[in-house]
Amino acid sequence: MLDWKTVELPPFKRHRRLRRSSGIRSMVRETDLAPRNLIYPLFIEAGLQGRSPILSMPGQDRIGVDQLNAEANDLARLGIPAVLLFGLPVSKDDLGSGAYARDGIVQQSIRRLKEANPELVVVGDVCLCEYTSHGHCGPLLPDGSVDNDATLPLLAETAVTLAEAGCDIIAPSDMMDGRVTAIRLALDSAGFAQTPILSYAAKFSSAFYGPFRDAADSAPQFGDRRGYQMDPANARMALDEVATDIQEGADMVMVKPALPYLDVLRQVRDRVDVPVAAYNVSGEYSMLMAAIQNGWLDEHRAIDETLTSIRRAGADMIITYHAKQWAARQ
Ligand code: PBG
């Protein structure tokens, strides 16, 4: 018999005890990741038939509208509830008019997707940079900077045309000041008071958008986006951007990119009670895929760990190019 008065407690071993079997590990797991958390981005190219591989994003393609049925079916089978749409128009101009054309490439695509699967949640990215000849996110002033206030009505018009086509969620990614108010007012007065806004609230001026700009052909022809996207050094300002967008009527907010900004994501999650999305952007995808293709990282473990870390930092939803491959092995 032990003399409990004299016995010294052994050092705690409970951490390893809780890792002994996969059954116990799964009982104490704090963070879940499921296909329902994922949003899959699509690049739809006007005039393209079939698919055209995006070289800087291994495993991702630009697709023609003829592929949308197949995409909608794949996503339904995999349990992925939502897509985020980007368009490559036939031609571009100074005002980015392809973004708000009633028969624009994204507007057409929304109609096709909704016909193929009415349950699919279609998120429309609202920005002009894929549609402007200069590649900036709005029309330019004579000094070459983006004209914030002249951009707002064009964004609002884009949102309305997307909603008319059947878009379920409007996601402005341009970073103009006042755009959530402008879009909300326009949607409400066009009869779309029930269409929610997912605002790219904390969007940083990031090197990790590089492959996307190849894919969407949206690199600025001169200068950069530092005049409107956020400085990577600023976390407090990100919280202010998020608070402003919620005041303006955003129903959900996003942090973008994800991995280099997990601290910002965590702070946003702790401060707001609206749903929070994180965008695991093109450069994050490409660097992982490059290492995987070289055999330097284990594909399944690296992708699982990456997506789990974004959930752990507080994302309800993850926009990710890994969505289909990940969901296919669940
Ligand atoms: C449009 C937009 C961009 C991304 C999403 N919407 C590019 C940019 O701001 O330059 C990037 C997404 C990605 O890198 O995967 N403004």
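Going by the structure above, here's the rest.
So, here is what we can say about the structure in this document.

Cut-offs applied
Residues numbered from 1 in each chain as written. Predicted model: local features only at pLDDT ≥ 70, side-chain atom pairs only at ≥ 80, totals over all residues. Heavy atoms only, no water. Buried < 20%, exposed > 50% of the residue type's maximum accessible area, 1.4 Å probe, protein only. Helix = DSSP H or I, 4+ residues; strand = E, 2+ residues; numbered from the N terminus. Pairing = 2+ DSSP bridges. Expected span 1.5 Å × (residues − 1). Contact = heavy atoms within 4.5 Å. Phe/Tyr/Trp six-rings, centres within 6.5 Å; stacked < 30°, edge-to-face > 60°. Near = heavy atom within 4 Å. Polar contact = N/O pair within 3.5 Å; in protein donor to acceptor, adjacent residues only side chain to side chain. Areas by Shrake-Rupley, 256 points an atom, 1.4 Å probe, with all protein chains shown as cover. 1 Å grid on protein atoms, 1.4 Å probe; cavity = no way out; pocket = protein on both sides within 12 Å on 5 of 7 lines; lining within 4 Å. Sits in = over half its atoms within 2 Å of the grid points. Nonpolar A, V, L, I, M, F, W, Y, C, P; charged D, E, K, R; others polar.

Some thoughts on the pairing of strand β10 (residues 317–320)
Step number 1: The alternating pattern of β10 places Met317 and Ile319 on one face and Ile318 and Thr320 on the opposite face, and all of these are buried.
Step number 2: As paired elements, strand β1 (residues 38–45) and β10 share two bridges and run parallel to each other. Note on β10: the bridge partner recorded for Leu38 is Ile318.
Step number 3: By the bridge criterion, four bridges tie strand β9 (residues 276–280) to β10 in an arrangement that is parallel. Among the inter-strand pairings, Tyr279 is bridged to a residue of β10, identified as Ile319.

Examining unusual backbone geometry
Trans is the prevailing form of peptide bonds, just as negative phi is the prevailing case for residues other than glycine.
Step number 1: In this structure, Pro257 follows Lys256 across a cis peptide bond, with omega equal to -10°.
Step number 2: Mapped onto the elements, Pro257 comes out in the loop between β8 (252–256) and α9 (262–271).
Step number 3: Of note, Met175 is a non-glycine position whose phi angle comes to about 70°, a positive value.
Step number 4: Inspection of the secondary structure puts Met175 in the loop between β6 (169–172) and α6 (179–189).
Step number 5: What makes Met175 buried here is its relative accessible area of 5%.
Step number 6: At Asp217, a residue that is not glycine, the phi angle is positive and equals roughly 50°.

Regarding helix α10 (residues 282–293)
Step number 1: Helix length check: α10, at twelve residues, gives a terminal C-alpha distance of 16 Å against a target of 16 Å (1.5 Å per residue), a fit within 8%.
Step number 2: Among the twelve residues in α10, nine count as buried, and that is most of the element.
Step number 3: Against the buried residues of α10 lie α7 (210–215), β9, α11 (299–312) and α12 (323–328).
Step number 4: Where α10 ends, the next residue or the one after it, Gly295, has phi of about 75°, a positive value.

Observations concerning the packing of aromatic side chains
Step number 1: In the structure shown here, the tally under the stated rule is eight aromatic pairs.
Step number 2: When the centroid spacing of 4.8 Å and the interplanar angle of 80° are considered together, the rings of Phe86 and Phe212 count as edge-to-face. A residue pair is termed long-range when its members are at least 10 positions apart, and Phe86 in strand β4 (residues 82–88) and Phe212 in helix α7 qualify at 126 residues. Each member of the pair, Phe86 together with Phe212, is buried.
Step number 3: Among the aromatic side chains, those forming a connected cluster through ring pairs are Phe43, Phe86, Tyr200, Phe212, Tyr279, Tyr285 and Tyr321.

Overview of the site of the ligand
Step number 1: The full set close to the ligand counts 17 residues, and Lys203, Arg213, Lys256, Ser282 and Tyr321 are the nearest of them.
Step number 2: Arg225 is positioned with one of its side-chain polar atoms (N or O) 3.0 Å from an oxygen atom of the ligand.
Step number 3: For the ligand, an oxygen atom lies 2.9 Å from a polar atom in the side chain of Gln229.
Step number 4: Across the complex, the protein chains shield 100% of the 400 Å² of accessible surface that the ligand would expose by itself.
Step number 5: Its atoms largely coinciding with the cavity grid, the ligand occupies the largest cavity.
Step number 6: The residue makeup of the shell around the ligand, split by class, is nine nonpolar, three polar and five charged.

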